[in-house]
Amino acid sequence: MFRMDCVVSRENTIGVNSVDREQLRKYIDENLLTKQEAMEITGQRLQAFDQAVSTRRLKPFYDHGEGRSRVRLYLKSEVEEYARQVQERRNRLKNKK
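Notes on the structure in this doc start here. (Residues numbered from 1 in each chain as written. Predicted model: local features only at pLDDT ≥ 70, side-chain atom pairs only at ≥ 80, totals over all residues. Heavy atoms only, no water.)

## Topic: the pairing of strand β5 (residues 71-75)
Convention followed: When DSSP locates at least two bridges between a pair of strands, those strands are taken to pair. Each helix is a run of H or I in the DSSP string that is no shorter than four residues. Each strand is a run of E no shorter than two, and both are numbered from the N terminus.
With 2 bridges connecting them, strand β3 (residues 32-33) and β5 associate as antiparallel partners. Note that in β5 the partner of Leu33 across the bridge is Tyr74. Pairing of strand β4 (residues 62-64) with β5, which is carried by 3 bridges, proceeds in the antiparallel orientation. Bridge pairing in β5 places Asp63 opposite Arg72. Linkage of β4 to β5, two consecutive antiparallel strands, is achieved through a turn of 6 residues, within which Gly65 is found at a positive phi near 95 degrees.

Here it is, written out as structure tokens:
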């Protein structure tokens, strides 16, 4: 699991040493997804994915900014679990036909 030890500099900003930066990058690469990456895993189109987020069936792990500069990242494990739920719903609907 990622552990980040921060230090406070003279300017009262939090700094991260280079080893921690690499650990953080590795954690992000392995565990966080962009919207497009999450949509690929769930197999959803934009409208369905956005609806899942707006109804809070899928929640961003990180959400910052507004409008076009908004950044949302999703936990891979949560997206994979949600994708399983989506597939189960599709299978149930398919079997009803």
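## Here we look at unusual backbone geometry
This is how it is decided: The classification of residues rests on relative accessible area computed with a 1.4 Å probe and restricted to protein chains. Under 20% of the type maximum is buried, over 50% is exposed, and intermediate values are partly exposed.
Positioned with a positive phi, Arg56 is a non-glycine residue whose angle comes to about 65 degrees. A residue is classified by how much of its surface remains accessible, and Arg56, at 52% relative accessible area, is exposed.

## Some thoughts on the packing of helix α2 (residues 35-42) against helix α4 (residues 76-96)
Note the threshold: To obtain each axis, a line is fitted to C-alpha atoms, and for helices this fit is confined to the stretch in contact; angles are then taken between N-to-C directions over 0 to 180 degrees. Rotating anticlockwise by less than a right angle from the far helix to the near helix defines a left-handed crossing, while the corresponding clockwise rotation defines a right-handed one. Residues count as neighbours in contact if any of their non-hydrogen atoms are within 4.5 Å of one another. Just so you know the grouping, Ala, Val, Leu, Ile, Met, Phe, Trp, Tyr, Cys and Pro go in nonpolar, Asp, Glu, Lys and Arg go in charged, and all remaining residues, Gly too, go in polar.
Interaxial distance between α2 and α4 falls to 8 Å at its minimum, and their mutual angle equals 35 degrees. For the crossing formed where α2 meets α4, the hand is right-handed. Residues Ala38, Ile41 and Thr42 of α2 touch α4, and the partners they reach there are Val79, Glu80, Tyr82, Ala83, Val86 and Arg90. Within the contact of α2 with α4, the residues separate by chemical class into 6 nonpolar, 1 polar and 2 charged.

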